[in-house]
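# Per-entry structural report
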Amino acid sequence: MAERRMFTQKIIDSDAFLDMPLTTQALYFHLNMRADDDGFVNNPKKIQRMIGASDDDLKLLIAKRFILAFESGVVVVKHWRMHNLLRKDRYNPTQYQEELSLLVLKGNGSYTESVEILTDSTHDNQMATTWQPDDNQMATQDSIGKGSIGEVSIGKGRVDYNGIKDAYNTLCPSLPAVRSLSEARKKTIKARLNTYSEDDLREAFRKAEDSDFLKGKNNRNWQANFDWIIKDANLAKILDGNYDNRSDASRKSKAAEMLEDSYRMMAEWAGGENE
């Protein structure tokens, strides 16, 4: 299990998160730090007691759906895959495969239940009591099967195009939204998934949203969009960090930076014409 964990500001800066008491927020961070590589924690009550949080803090995280609870007492961080992406050579699958098989992975990278899991507050345990889909998305999602390494199982030759579109619109709110999927877009998406995983695409969307250059802070006020990001050469460069923001210490002079931006955009446009 990795010793370092990350957190996306899209979750921890949300009003829903910040409205919770500080003790509840602290418990959330501690649960994340001690989760396995799929986001599962088998001792949430021990962690709660260890940091001085209350039962109400744990119940609030469940009620607000920042964590999902199972009858076994195990919990999982709902937005785990929005927070963390691990290289496959560093990834250790969770031992809680039965619980994992009860989840589906939404287009934006968050877990939800294939069966709705509700909390029995009287007995302080969790029971699967209904078969209602979450957010009416059950029909378009696929179960996470054992051995799938926590990714959506899309079946042979089948691609969750709408899930990828929704992931882009969710993770890249500063960029032009995708309203429809043409056959050309579907063909390009399918081609990328021959080389990259859906997690790679979501990571590229996150990096694009975090990149000042791709959001238009360049000398031409040019912005990236879905079609540009999904091109093979551009996707590789985004994942390699070519468009990551520079630190203040490494910034070049304004004139040199503008010139570099011009050359870079000319190269990208030339490359885009050839795909």
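As the structure is a computational prediction, the values presented were derived from the model and not from experiment.

Attention shifts here to the packing of helix α8 (residues 161-171) against helix α10 (residues 198-210). Relative orientation of the contacting elements α8 and α10 amounts to 25 degrees, with a least axis distance of 9 Å. It follows from the interaxial angle that α8 and α10 lie roughly parallel. The handedness of the crossing between α8 and α10 is right-handed. Contacts between α8 and α10 involve Ile164, Ala167, Tyr168 and Leu171 on the former and, on the latter, Leu201, Arg202, Phe205, Arg206 and Glu209.

Tallied over the full model, the rule gives 16 aromatic pairs. Where Tyr28 meets Phe66, the ring centres are 5.7 Å apart and the plane angle is 75 degrees; that geometry is what we call edge-to-face. Taken together, the residues Tyr28 in helix α3 (residues 22-34) and Phe66 in the loop between α5 (55-63) and β2 (67-69) connect sequence positions 38 residues apart. The exposure class of Tyr28 is buried, given its relative accessible area of 0%. The exposure class of Phe66 is buried, given its relative accessible area of 5%.

This paragraph deals with the sheet that holds strand β1 (residues 40-41). Pairing is antiparallel across the open sheet formed by three strands, whose spatial order is β1-β3-β2. Both outer strands of the open sheet, β1 and β2, are each paired with one neighbouring strand and no more.

With 59 residues, the main nonpolar core has Tyr28, Ile189, Phe205, Leu214 and Ile229 as its most contacted residues. Ranked by residue count, the leading element in this core is α8, at five residues. In this structure, Ile189 is in contact with Val159, Tyr161, Ile164, Leu181, Phe226 and Ile230, ignoring residues within four places of it in sequence.

Before going further, it helps to examine the pattern of salt bridges. What the rule picks out here adds up to 11 salt bridges. When the shortest N-O distance is used, the salt bridge between Arg5 and Asp37 registers 3.0 Å. In this pair, Arg5 is assigned in the segment before α1 (9-12) and Asp37 in the loop between α3 and β1, connecting sequence segments 32 residues apart. Judged by relative accessible area, Arg5 falls into the buried class, the value being 9%. Between Asp199 and Arg81 there is a salt bridge; the shortest N-O distance is 2.8 Å. Linking Asp199 in helix α10 with Arg81 in helix α6 (residues 80-83), this pair joins segments that are 118 residues apart in sequence.

If you trace the backbone, Gln97 turns up in helix α7 (residues 97-100). A polar atom in the side chain of Gln97 sits 2.8 Å from the backbone oxygen of Thr94.

Right, let's get into the confidence of the model for the chain. Summing up the model confidence of the chain, the mean pLDDT is 78 and the portion of residues at 70 or higher is 72%. By mean pLDDT, the top-scoring element of the chain is helix α11 (residues 226-229) (96), and the lowest-scoring one is strand β7 (residues 125-128) (34). Predicted confidence for residues 115-156 stays below pLDDT 50, and this span has 78 contacts to residues more than four positions away or in other chains.

Trans is the common state for peptide bonds, and a negative phi is the common state for residues other than glycine. A positive phi angle, near 65 degrees, is found at Arg65, a position not held by glycine. Phi at Asn221 takes a positive value of approximately 55 degrees, unusual for a residue other than glycine. Here Asn221 lies in the loop between α10 and α11.

Moving on, we come to the environment of Lys190. Take Lys190: it is sitting in helix α9 (residues 183-192). In this structure the C-alpha to C-alpha distance between Lys190 and Tyr161, which are 29 residues apart in sequence, comes to 8.5 Å.

Looking now at the packing of α3 against α5. The contact between α3 and α5 brings their axes to 9 Å, and the two run at 75 degrees. One finds that α3 runs roughly perpendicular with respect to α5. Across from Thr23, Thr24, Leu27, Tyr28 and Leu31 in α3, the residues of α5 making contact are Asp57, Leu58, Leu60 and Leu61.

Under the relative-accessibility criterion, Arg81 is labelled buried at 6%. At a separation of 3.2 Å, a polar atom in the side chain of Arg81 contacts the side chain of Asp38.

For helix α12 (residues 232-240), every residue scored as buried is listed here: Asn234, Leu235 and Ile238. End-on, the buried residues of α12 take up no more than an arc of 100 degrees, which puts them together on one face.

What counts and what doesn't
- Residues numbered from 1 in each chain as written.
- Predicted model: local features only at pLDDT ≥ 70, side-chain atom pairs only at ≥ 80, totals over all residues.
- Heavy atoms only, no water.
- Axes fitted to C-alpha atoms, helices over the stretch in contact; angles between N-to-C directions.
- Helix = DSSP H or I, 4+ residues; strand = E, 2+ residues; numbered from the N terminus.
- Parallel < 35°, antiparallel > 145°, perpendicular 65-115°, else oblique.
- Left-handed = near helix turned anticlockwise from the far one by under 90°.
- Contact = heavy atoms within 4.5 Å.
- Phe/Tyr/Trp six-rings, centres within 6.5 Å; stacked < 30°, edge-to-face > 60°.
- Buried < 20%, exposed > 50% of the residue type's maximum accessible area, 1.4 Å probe, protein only.
- Pairing = 2+ DSSP bridges.
- Core = buried A, V, L, I, M, F, W, Y, C linked by side-chain atoms within 4.5 Å.
- Salt bridge = Lys/Arg side-chain N within 4 Å of Asp/Glu carboxyl O.
- Polar contact = N/O pair within 3.5 Å; in protein donor to acceptor, adjacent residues only side chain to side chain.
- pLDDT = per-residue confidence, 0-100.
- Arc of directions from axis to C-beta.

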